[in-house]
Amino acid sequence: MPPSVAPPPYLDDSQIERLSELLEQRAVPFKGLNLEALDGFLSALVVAPSLVMPSEWQPVVWGGQAPRWDNEEETFQVQQLLMGHWNMCTARACADGDNPPDHLAPLLWLPEDPELSGEEALHEDELDVGRDWALGFFTAVMMREQEWDQWLDENDWIEEIFDQLDRLASGEAINPDDPTAEATPIGYRERLAIVLDLPSMLADLNHHRVHALTPRTPIRRDAEPGRNDPCSCGSGKKYKKCCGVN
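First things first, this report covers the structure right here in the doc. (Residues numbered from 1 in each chain as written. Predicted model: local features only at pLDDT ≥ 70, side-chain atom pairs only at ≥ 80, totals over all residues. Heavy atoms only, no water.)

Quick look at the pattern of salt bridges now. Across all of its chains, the model carries six salt bridges by this definition. One salt bridge connects Glu56 with Arg144, and the closest N-O pair in it is separated by 3.0 Å. You can see Glu56 sitting in helix α3 (residues 54-61) and its partner Arg144 sitting in the loop between α5 (131-141) and α6 (145-154), a full 88 residues away along the chain. Judged by relative accessible area, Glu56 falls into the partly exposed class, the value being 34%. Given the relative accessible area of 15%, Arg144 is considered buried. Note that Glu147 is salt-bridged to Arg144, the shortest N-O span being 4.0 Å. With a relative accessible area of 31%, Glu147 lands in the partly exposed category. (Salt bridge = Lys/Arg side-chain N within 4 Å of Asp/Glu carboxyl O. Helix = DSSP H or I, 4+ residues; strand = E, 2+ residues; numbered from the N terminus. Buried < 20%, exposed > 50% of the residue type's maximum accessible area, 1.4 Å probe, protein only.)

Okay, the packing of aromatic side chains next. Under the counting rule described, the total for this entry stands at 10 aromatic pairs. Look at Phe137 and Phe138: their rings are 6.0 Å apart centre to centre, the planes differ by 90°, and that puts the pair in the edge-to-face class. Ring geometry for Phe138 against Phe162: centres 5.6 Å apart, planes inclined by 65°, an arrangement best described as edge-to-face. One end of the pair, Phe138, is in helix α5; the other, Phe162, is in helix α7 (residues 156-170), and 24 residues separate them in sequence. Exposure remark for Phe162: the relative accessible area of 10% places this residue in the buried category. By the ring-pair criterion, three or more aromatic residues cluster together here, those being Trp133, Phe137, Phe138, Trp148, Trp151 and Phe162. (Phe/Tyr/Trp six-rings, centres within 6.5 Å; stacked < 30°, edge-to-face > 60°.)

As a further point, take helix α1 (residues 13-26). An ideal rise of 1.5 Å per residue puts 20 Å on 14 residues; α1 measures up with 20 Å between its terminal C-alpha atoms. Along α1, the residues that are buried comprise Ile16, Leu19, Leu22 and Leu23. Seen end-on, α1 carries its buried residues on one side only, within an arc spanning 125°. The exposed set on the far side of α1, more than 90 degrees from its buried face, consists of Asp13 and Ser14. Turning to α1, the residues buried within the fold contact α2 (35-46), α3 and α4 (72-94). (Expected span 1.5 Å × (residues − 1). Arc of directions from axis to C-beta. Contact = heavy atoms within 4.5 Å.)

For the rest of this paragraph, the subject is helix α8 (residues 188-196). Every buried residue of α8 is listed here: Tyr188, Arg191, Leu192, Ile194 and Val195. Within α8, the buried residues cover an arc of 160° as seen down the axis, which keeps them to one side. In this structure, α8 carries Arg189 and Leu196 as exposed residues pointing more than 90 degrees from its buried face. In this structure, the buried residues of α8 make contact with α5, α7 and α9 (198-213).

Within the secondary structure layout, Glu160 lies in helix α7. Sequence separation between Glu160 and Met201 is 41 residues; the distance between their C-alpha atoms is 10.0 Å.

Between α2 and α3, the shortest axis-to-axis distance is 11 Å and the interhelical angle comes to 160°. On the basis of their axis angle, the class for α2 and α3 is roughly antiparallel. α3 is crossed by α2, and the crossing has right-handed handedness. For the pair α2 and α3, the contacting residues are Leu38, Phe41, Leu42 and Leu45 in the first and Trp57, Val60 and Val61 in the second. The residue inventory of the contact of α2 with α3, partitioned by class, reads seven nonpolar, no polar and no charged. (Axes fitted to C-alpha atoms, helices over the stretch in contact; angles between N-to-C directions. Parallel < 35°, antiparallel > 145°, perpendicular 65-115°, else oblique. Left-handed = near helix turned anticlockwise from the far one by under 90°. Nonpolar A, V, L, I, M, F, W, Y, C, P; charged D, E, K, R; others polar.)

Here is the structure:
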């Protein structure tokens, strides 16, 4: 396909599967991102305080350096998948965070039965739902660390979001009243609650980003006439003797 073809607005199931396969083969073995981590990574980039260009973030996806693809067509196809995923994350952040469409749902693994894994019972506290997604998110945050830090310093609600994501990444909850106390492990149900709230978090962050980046035009008042100028009311008097009288 010609390079002029625009990336898809979102990825369908077959494209998601293809991208996942590529990442498992060409990124994960080199400490790059899997599909779930990529979804968190791109989600953070699209709501970041400043734009991160593909030339900067794409090497991170593959573990530091993009693979050599077989030919130009494959290179183009990979770019279409990555930028389609970017478009999907952008649309998700711009959507209604409380009721996002199914095709924009975060791409992460959720067990059909949290109590079972194959033939063996699996305790719910051992499930790490959302971990890779949160790690991918924080990987992107590090690319604009100082700017995120400024947002965190200025907005307690953003710090609360980061605390929730840190729980997914670490599997632990720190006591806010006593940070030195031993952290408490979080279970599957708490993880799931955070995961279900991800679209709302992203929508809030995107709203803040748009507000922060929108230029503010100062309100200008019409200049008042000089004290010796004719009064604008048409009286024929000087302004200081008419409407300008204190």
